[in-house]
Structures are given as structure tokens and as C-alpha cells.
Amino acid sequence: MTILKGRLLQECLSKLYYSSKNTESNRYPKKIFSGIQPTGAIHLGNYLGAISQWVKLQDQGEDVMISIADLHSMTLPHDPRQLSRNIQEIAATLLSCGINPEKTILFQQSKVPVHTQLSWCLGCICTMPRLAHLPQYKEKSKDLKDIPLGLFVYPVLQAADILAYKGTHVPVGEDQIQQIQLTQDLARMFNKRFGETFPIPHALVTGTEFAKLRSLRDPAKKMSKSDTDSKSRICLTDNITDIQRNIKKAVTDFTSEVTYEPDKRPGISNLINIHSFVANKSVDEICREAKNINTGEYKLIVSNALAEFLKPIQDKITHYLSDTVLLADVLEQGREKANDIATKNWNEVQCKLGLNMDVKLANRIKNI
Ligand code: TYM
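These figures come from a predicted structure and were not determined experimentally. Here, residues in each chain are numbered from 1, in the same order as that chain's written sequence. Thresholds applied to this predicted model are a pLDDT of at least 70 for local features of residues and 80 or more for the giving and counting of side-chain atom pairs; totals over whole chains, interfaces and linings are not thresholded and use all residues. Hydrogens and waters are ignored; side-chain quantities use all the structure's heavy atoms.

Visitor: Break down the nonpolar core for me, citing the residues and quoting the values.
Guide: Residues Leu44, Ile51, Leu94, Leu106, Ile272, Tyr298 and Leu306 are the most contacted members of the largest nonpolar core, which totals 58 residues. Composition of this core by domain shows at least three residues from each of domain 1 (22-211 + 324-366) and domain 2 (219-321). We call two residues in contact whenever any of their non-hydrogen atoms come within 4.5 Å of each other. Filtering out sequence-adjacent residues up to four positions away, Leu306 remains in contact with Leu44, Ile234, Ile243, Ile247, Ile274 and Val278. In plain words, nonpolar cores are sets of buried Ala, Val, Leu, Ile, Met, Phe, Trp, Tyr and Cys residues tied together by side-chain atoms within 4.5 Å. Each residue is placed in one exposure class: buried if its accessible area under a 1.4 Å probe, protein chains only, is under 20% of its type's maximum, exposed if it is over 50%, and partly exposed if it falls in between. Counting 39 residues, the second largest nonpolar core, distinct from the first, contains Cys121, Leu122, Phe152 and Leu182. Note that the domain bounds were set by an automatic or database domain assignment.

Right under this line is the structure:
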């Protein structure tokens, strides 16, 4: 009951947050924009925190754009062949998760030049201390001797991703909130200095625990692609053996009952959250069903439910990966549509920034 109250309250609060903030963006048509880095296989955190929201919004008839943020994947040393494979795999996985290119514009970030052009312009109004405060930068740079400039400035590129399309809503997991706040700040600064141009975009974060799915090895941390321990996550492409091994190794605690207590028992509660999503059951129902079994037995049930949920997605991934012509075609069509929108907005930005020659003035000079 307390859990339900907590969840309902969270959902109401998040709805209130969005609706009150919405007034600022009312003059712009609603445009949903989000992105994902092709840095490795998509995991359950990406799926529950972001992709499932994208599919829902798309199916509700919203105007959705999803970018495969390949330029973001270069902020740390990368293998070009692996990146190219990852782009294909991410495209195949997104389609398999339900992204429909007839409804959603799915495209590769690097193929639309406006992202980097606008990023430069926003970089000129952004300050270094503002970027140095961002937690993701602090986290990723803490063990590096030589910090790549790209790692420092990538939130500006992310702001450009969103603003290039005048995105108004950005469905993301909890870890992206600070980056969206930076986007809001940059949009406000730009509008103030150069005239009303951009909406103030808002993060759409699911009002549930899915906004930050936890690592299986350390429930204090989020599930992450960059975690060096592959047992910390479940990827959408994992086979039953990987799933069983990772769930079996998932850190819980010394209590053998299956109870949902996110604060006191984050490990087992994380598994219950995952189970609840993939089996489409409520947390209460799951706890009732697991009343007479221990966590070891419960882990097996979660593994099987996960494998069953992932099987149709995995079959589709295999299908799409066997048709790379189709994948390239989908991304090309997405690029064309994205490029048209971004170019129109970029023309406006250039005018505002004084990057276009004043034709009347040029003609007058010519005629002197
Ligand atoms: P990325 O690739 O790290 O993650 C993609 C999406 O998955 C969400 N996510 C999670 N949600 C819940 N629990 C987790 N454990 C978890 N891990 C990841 C992320 O919040 C994200 O929504 N910088 C972005 C990509 C990006 C972007 C953009 C996003 C580039 N341009 C413009 C929005 C708008 C990133 O690295 O996401």
C-alpha cells in the first residue's frame, strides 16, 4: 500500500511538473526528441528507462525523433569497425523494440551536419564551469590522465541535438536530467541574447523506478553500458545462459524472502521491478506469488520470464541484422526527414546570429 502510494505520488508529481512547465513551450508544436549512444548492446535500463517510453509516445501519435548519437560515442577512445557495427546493431534493436520508421524519424546523428554546426554556436555561449559541474563528466573523467575535449563538451552537442529540431520534450532516464537542464539554460540564454528561437525542452522521466534501473552487481549504481563487469547488466541480446548467470550472480542480501523494499533491499527490489515489467504483473502480485520461495528460486523465475520476454525481440534483431540494405534504407529516409527540419531551423539560427550577409546592404554597396 505504501509502495503504491509512493508510486502514485511520484507519478502525480511528475505529471504536475510537466504540465506546469509546459506553459513555457506552448508556442512551439510538441516535438519529442531523444537519442542513444551506439557504444554497445542495449541493456534493460535503456529499454525500461527510455526506449519503452519512445515506443509508447510514438504509438500515441506524438511527433517523435530518435537519433543514434554516434558522435557521442567518440568522446572516449573507440574502435571504428566496432562503432560501425554498433550503429547497425542499435538500429536493428530499436526497430525490434517497436520503433516504427513510418511513425518515428530514426536517424544517425553524424549524417545531419546541423548538429555540429549548432553545437559550435551553443558552445560559444556556454561557460566552462557550467560543464565542469556535470556529474557524468566528473564520473567519466575521474580516472583519465588526459581528458579529451569531446568528453568535456559533449553536453553542448546533446543540447544542439535537441534544439536543432526545436524539441519540446525529451524522454530519458534519470541520469540525463542534468544534461537537459543545461539544454534549457542554453535555450534561454540564446533566446535572451538573439531573440526568441528555441522552446525550453523538458525531460520526460518515467515516474517509476525504471527511470534508474540498478546495476545487478551494485544496486547503488545504475545499470550501465560502460560498466566493465558484464554481469552487472542484462542486454537485450543475451541468451538464456547469460541471463541465468547474471541474475544468479545479482547481488541481493542475506534475507531469503522475496519482499519489495527499494530503500532497505535495493537488490531484490530491482529484480522485482524487472520481473514486474517483463511479466506485466504488479509488484504486489509478484510478492504474493513468491511468498513461499527463497531468493535463489525466485532468481530462476525472473531469468525465465526475462528470456521469454526477450525471445521475440531477439528474433527480430536477427532478422533485421540479416537485411542491412533495409537498415541502411531506414536510416537514409530518417536522415532526409531530419535534415530538412534541421536545415530550416539552422537557417533561422544563422539569421539570428548574423551569419547571413545582408543582401540589401550588399546590393547597395555594389551600386555605389
Ligand atoms: P545513453 O546511450 O547512455 O542511454 C540511452 C537512454 O537510456 C537511459 N538509461 C537508463 N534509464 C534507466 N535506467 C538505467 N540504468 C539507464 N541507463 C541508461 C538514458 O537515460 C538514455 O535516455 N547522452 C545520451 C544520448 C543522447 C541524447 C541526445 C539523449 C545524445 N543526444 C539528445 C536525449 C537527447 C546518452 O548517452 O544516452
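Picking up after the structure, the text goes on.
Visitor: How would you sum up the packing of aromatic side chains? Please name residues and give values.
Guide: Two numbers describe a pair of aromatic rings. These are the distance of the centres and the angle of the planes. Aromatic contacts are taken between Phe, Tyr and Trp rings whose centres are within 6.5 Å, Trp giving its six-membered ring; a plane angle under 30 degrees counts as stacked, one over 60 as edge-to-face, and the others as tilted. For the structure shown, the criterion picks out 10 aromatic pairs. Ring plane angle 10° and centroid distance 5.3 Å describe the contact between Phe33 and Tyr165, whose orientation is recorded as stacked. Residue Phe33 is found in strand β1 (residues 32-36), and its partner Tyr165 is found in the loop between α7 (149-163) and β4 (169-171); the two are separated by 132 residues along the sequence. Phe33 gets classed as buried once you look at its relative accessible area, which sits at 2%. A centroid spacing of 5.8 Å and a plane angle of 70° characterise the contact between Tyr47 and Phe309, whose relative ring orientation is edge-to-face. Taken together, the residues Tyr47 in helix α2 (residues 44-59) and Phe309 in helix α12 (residues 295-321) connect sequence positions 262 residues apart. The pair Tyr47 / Phe309 is uniform in exposure class, with both members buried. Within the aromatic cluster, the residues linked to one another by ring pairs are Tyr47, Phe210, Phe277 and Phe309. For the purposes of this entry, the term helix denotes a DSSP run of H or I that reaches at least four residues, the term strand denotes a run of E that reaches at least two, and both are numbered from the N terminus.

Visitor: Help me get a handle on the domain arrangement of the chain, residues and values and all.
Guide: Domain assignment breaks the chain into domain 1 (22-211 + 324-366) and domain 2 (219-321). Listed by partner, the interface residues are 27 residues for domain 1 and 20 residues for domain 2. Reported buried area values correspond to the accessible surface (1.4 Å probe) lost by two parts on association, with both partners' losses combined. When the area that domain 1 buries against domain 2 is broken down by residue, the three leading residues are His43, Leu44 and Ser96, summing to 31%. Salt bridge criterion: a side-chain nitrogen from Lys or Arg within 4 Å of a carboxyl oxygen from Asp or Glu. Put simply, domain 1 and domain 2 have one salt bridge between them. Across the pair Asp175 and Lys222 runs a salt bridge whose closest N-O atoms are separated by 2.9 Å. Polar contact is the term for a pair of N or O atoms within 3.5 Å; when the atoms are in protein, one must be able to donate a hydrogen and the other to accept it, and sequence-neighboring residues count only if both atoms are side-chain atoms. There are seven residue pairs in polar contact (both at pLDDT 80 or more) connecting domain 1 and domain 2. Residue assignment for the side of domain 1 that touches domain 2 shows that the elements contributing at least two residues are α2, α3 (80-96) and α13 (324-353). In the side of domain 1 that touches domain 2, the residues fall into 12 nonpolar, 12 polar and three charged. Three categories are distinguished: nonpolar for Ala, Val, Leu, Ile, Met, Phe, Trp, Tyr, Cys and Pro, charged for Asp, Glu, Lys and Arg, and polar for the others, with Gly belonging to the last.

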